[in-house]
Amino acid sequence: MSFLGIVTLVLIALIILSLLFVFFKAFILLLPVALIAIAVIWLIGWFTGRKNKNNMPSSGNYYDWFKNVNSTQSQTRARKKAKNVITKDIDK
């Protein structure tokens with residue numbers, strides 16, 4: 001590859017990278033803000049995750065999503081049995 005070919009490829013790459021920087025400048029500038037937000041959310045989850053797991057809400061609406069037992073099976077009602085109805089033939 002000649003020297004002019006290398007210069008051309010570098011200039012094309014420079015133009016493409018400068019266009020990408022212009023179009024995505026807001027995303028590049030907001031990247032540190034996003035990293036700080038991720039760190040804060042992770043720290044909040046890390047500190048609150050160490051609390052006692054027996055501390056359930058008193059409303060009774062708590063559902064443990066990580067429980068291994070399928071709670072829908074235990075809440076289903078038993079099916080009612082059909083009554084044996086014997087009808088007498090009515091004389092006409």
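Residues numbered from 1 in each chain as written. Predicted model: local features only at pLDDT ≥ 70, side-chain atom pairs only at ≥ 80, totals over all residues. Heavy atoms only, no water.

1. Brief notes about the UniProt feature "transmembrane region" (unreviewed entry) in the chain
Per the UniProt record, the feature "transmembrane region" (unreviewed entry) sits at residues 7–24 and 30–49. Counting secondary structure, residues 7–24 comes out at 94% helix and 0% strand; the distance between its end C-alpha atoms is 25 Å. This span, residues 30–49, is 95% helix and 0% strand, and a straight line between its end C-alpha atoms measures 28 Å. (UniProt positions renumbered as here; feature names shortened; annotations may be inferred. Helix = DSSP H or I, 4+ residues; strand = E, 2+ residues; numbered from the N terminus.)

2. Here's the deal with the confidence of the model for the chain
When pLDDT is averaged across the chain, the result is 75; 59% of the residues are at 70 or more. Mean pLDDT values over the elements of the chain span from 53, in helix α3 (residues 71–75), up to 91, in helix α1 (residues 3–23). (pLDDT = per-residue confidence, 0-100.)

3. Concerning helix α2 (residues 25–48)
Taking 1.5 Å per residue, 24 residues should reach 34 Å; α2 reaches 35 Å between its end C-alpha atoms and fits that length. Along α2, the helix axis deviates most sharply at L31, where the bend reaches about 40°; the proline P32 sits within four residues downstream. (Expected span 1.5 Å × (residues − 1). Bend = angle between axes of the 7 residues up to and from the residue.)

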